Amino acid sequence: MGTGIDGAKIDKAFLDFRGQTLLHRALETARAVCATVAIVGDPARFASYAALKNEAVVPDIFPGCGPLAGIHAALMQSSAQLNLMLAVDMPFVSKALLDFLFTTAERTDASVTVQKIGQGWQPLCAIYRR
């Protein structure tokens with residue numbers, strides 16, 4: 001959730017970007033490199049979209065605790081050793097970048113394979129080892 005210039009609550013997952021919602025775009029990007037994809041968050045928030053698109057929704061185990069709680073819930077639900085975490089507000093992430101992250105993760109025993117852009121790490125576009 002974000003706030004618009006008028007102070008109204010905006011759910012960025014459902015914002016339109018080049019004819020698709022940010023959520024749909026993130027799911028399609030993840031699907032290009034992952035066999036199983038799920039939405040992590042409040043099931044009520046995603047219920048209509050999930051039903052329409054037949055998407056799984058993984059609820060936070062610790063609701064309201066931010067992205068770290070979402071990563072925790074995803075890893076608890078997953079049986080895969082390597083797990084992509086991709087925020088919806090990263091519409092320019094490419095399949096090539098995700099392939100690179102997975103290839104790098106497979107070559108190491110690191111708990112997290114994360115990219116760094118400038119001085120900032122991007123933990124919401126990273127591969128987490130279960």
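This text gives an overview of the structure that appears in the document.

Quick notes on the rules
- Residues numbered from 1 in each chain as written.
- Predicted model: local features only at pLDDT ≥ 70, side-chain atom pairs only at ≥ 80, totals over all residues.
- Heavy atoms only, no water.
- Buried < 20%, exposed > 50% of the residue type's maximum accessible area, 1.4 Å probe, protein only.
- Helix = DSSP H or I, 4+ residues; strand = E, 2+ residues; numbered from the N terminus.
- Pairing = 2+ DSSP bridges.
- Arc of directions from axis to C-beta.
- Polar contact = N/O pair within 3.5 Å; in protein donor to acceptor, adjacent residues only side chain to side chain.
- Contact = heavy atoms within 4.5 Å.
- Core = buried A, V, L, I, M, F, W, Y, C linked by side-chain atoms within 4.5 Å.

## Structural notes on the pairing of strand E7 (residues 82-86)
Then comes step 1: With respect to burial, E7 is a largely interior element, four of its five residues being buried.
Then comes step 2: The pairing of E7 with strand E9 (residues 120-129) spans five bridges and is antiparallel. Bridge pairing links Asn83 to Tyr128 in E9.

## Considerations on helix H2 (residues 43-53)
An α-helical turn contains 3.6 residues, so a residue and the one three or four places further along point in the same direction.
Then comes step 1: For H2, the full list of buried residues reads Phe46, Tyr49 and Ala50. Buried residues in H2, looked at end-on, bunch into an arc of 105°, giving them a common side. Along H2, exposed side chains directed more than 90 degrees from the buried face belong to Ala44, Ser48, Ala51 and Leu52.
Then comes step 2: For H2, the N-terminal cap is Asp42; the gap from its side-chain oxygen to the backbone nitrogen of Ala44 is 3.1 Å.

## Considering the environment of Val112
Then comes step 1: Among the secondary structure elements, Val112 is positioned in strand E8 (residues 112-117).
Then comes step 2: Look at Val112 and you get partly exposed, because its relative accessible area is 34%.
Then comes step 3: Considered as a pair, Val112 and His24 are 88 residues apart in the sequence and their alpha carbons are 25 Å apart.
Then comes step 4: The contact partners of Val112, leaving out residues within four places of it in the chain, are Ala126, Ile127 and Tyr128.

## Remarks on the nonpolar core
Generally speaking, a soluble globular protein has its nonpolar side chains buried in company with each other.
Then comes step 1: By size, the foremost hydrophobic cluster in this structure holds 20 residues, and its most contacted members are Leu23, Leu84 and Ile127.
Then comes step 2: Listed by contribution, the elements that provide at least two residues to this core are helix H1 (22-31), H2, E7, helix H4 (95-106) and E9.
Then comes step 3: With four residues, H4 is the largest single contributor of residues to this core.
Then comes step 4: For Ile127, the residues in contact, after removing those within four places along its chain, are Leu82, Asn83, Leu84, Leu101, Phe102, Ala105, Ser111, Val112 and Thr113.
Then comes step 5: Formed by six residues, the second largest nonpolar core is a distinct cluster that contains Ile71, Leu75, Ala126 and Tyr128.

## What about unusual backbone geometry?
Then comes step 1: Residue Arg18 is not a glycine yet carries a positive backbone phi of 55°.
Then comes step 2: If you trace the backbone, Arg18 turns up in the loop between strand E3 (16-17) and strand E4 (20-21).
Then comes step 3: Overall, the relative accessible area of 63% leaves Arg18 in the exposed class.
Then comes step 4: Look at Asn54: it is not a glycine, yet its phi comes out positive at around 55°.
Then comes step 5: Following the sequence through the fold, Asn54 ends up in the loop between H2 and strand E6 (56-58).

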